[in-house]
Amino acid sequence: MRKKVKLEHTVIIPMYLGERFESLNLEGRDRNVALKFLRLLSKNSKRINDDNDMFNEVEFSYNYLSKSLGGSYNKVVNKLVEAKIVNRNDFYSTKSHKCKKFSFNKEGDNLF
């Protein structure tokens, strides 16, 4: 019998965003989905323009996010947006028909 290993995703973000994330008190699957989304956003935003800037906007399609994070990813991402950890801009692409642009929130502690 194989032993189950519990994995938790890690991501490096500014301290003020980390504090907001911890204040959400996400647990279990929701926490892992949120961390995986933040890791995807961090990794892809640093690749744009090859400038290593984690605050670049990244376009994700609905299909990509639902395959990467699972079908219920939207409620977790909505919590990240409401907590002002992530910015979401409605964006429509004629190729995918359903894309959004996401970026980390640049603003500091004065949002709470």
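Residues numbered from 1 in each chain as written. Predicted model: local features only at pLDDT ≥ 70, side-chain atom pairs only at ≥ 80, totals over all residues. Heavy atoms only, no water.

Quick notes on the overall build of the protein
Regarding its fold elements, the protein presents four helices and three strands. Looking at the protein residue by residue over its 112 residues, the buried ones come to 35%. In the protein, 64% of the contacts between residues at least 6 apart in sequence involve partners at least 24 apart. Taken as a whole, the protein presents about 7,600 Å² of accessible surface, with 49% of it coming from carbon and sulfur. (Helix = DSSP H or I, 4+ residues; strand = E, 2+ residues; numbered from the N terminus. Buried < 20%, exposed > 50% of the residue type's maximum accessible area, 1.4 Å probe, protein only. Contact = heavy atoms within 4.5 Å. Areas by Shrake-Rupley, 256 points an atom, 1.4 Å probe, with all protein chains shown as cover.)

Notes on the packing of aromatic side chains
What the rule picks out here adds up to five aromatic pairs. Note on phenylalanine 37 and phenylalanine 102: the rings are 5.2 Å apart at their centroids and 80 degrees apart in plane angle, and the pair reads as edge-to-face. Here the residue phenylalanine 37 occupies a position in helix 2 (residues 28-47), and phenylalanine 102 occupies one in strand 3 (residues 99-104), the gap between them amounting to 65 residues. You'll find phenylalanine 37 and phenylalanine 102 in the same group, each marked buried. Considering the side-chain rings of phenylalanine 60 and tyrosine 64, the 5.6 Å spacing of their centres and the 5 degrees angle between planes classify their relative orientation as stacked. A connected cluster of aromatic rings, assembled from ring pairs, spans Phe37, Phe60, Tyr64 and Phe102. (Phe/Tyr/Trp six-rings, centres within 6.5 Å; stacked < 30°, edge-to-face > 60°.)

Looking at the packing of helix 2 against helix 3 (residues 62-69)
Their axes nearest at 10 Å, the elements helix 2 and helix 3 cross at an angle of 130 degrees. Judged by the inter-axis angle, helix 2 sits oblique to helix 3. The way helix 2 lies across helix 3 gives a crossing that is right-handed. Contact residues: Arg29, Val33, Lys36, Phe37, Leu40 and Asn44 in helix 2; Tyr64, Leu65, Ser68 and Leu69 in helix 3. Here the contact of helix 2 with helix 3 is built from residues that sort into six nonpolar, two polar and two charged. (Axes fitted to C-alpha atoms, helices over the stretch in contact; angles between N-to-C directions. Parallel < 35°, antiparallel > 145°, perpendicular 65-115°, else oblique. Left-handed = near helix turned anticlockwise from the far one by under 90°. Nonpolar A, V, L, I, M, F, W, Y, C, P; charged D, E, K, R; others polar.)

Quick word on the pattern of salt bridges
Scanning all chains against the criterion turns up two salt bridges. Put simply, lysine 75 and aspartate 30 hold a salt bridge, and the shortest N to O gap is 3.6 Å. Of this pair, lysine 75 sits in helix 4 (residues 73-82) while aspartate 30 sits in helix 2, placing them 45 residues apart in sequence. Among the residues examined, lysine 75 registers a relative accessible area of 45% and is labelled partly exposed. (Salt bridge = Lys/Arg side-chain N within 4 Å of Asp/Glu carboxyl O.)

Focus: the environment of glutamate 19
Along the chain, glutamate 19 falls in helix 1 (residues 15-23). Along the sequence, glutamate 19 and isoleucine 85 sit 66 residues apart, while their C-alpha atoms lie 9.6 Å from each other.

A closer look at helix 1
Taken as a whole, helix 1 has its buried residues at Tyr16, Leu17, Arg20 and Phe21. Down the axis of helix 1, the sector holding all buried residues measures 140 degrees, keeping them to one side. Where helix 1 is buried, its residues contact helix 2, helix 4 and strand 3. Downstream of helix 1 by a residue or two, asparagine 25 has a phi angle that is positive, lying close to 55 degrees. (Arc of directions from axis to C-beta.)

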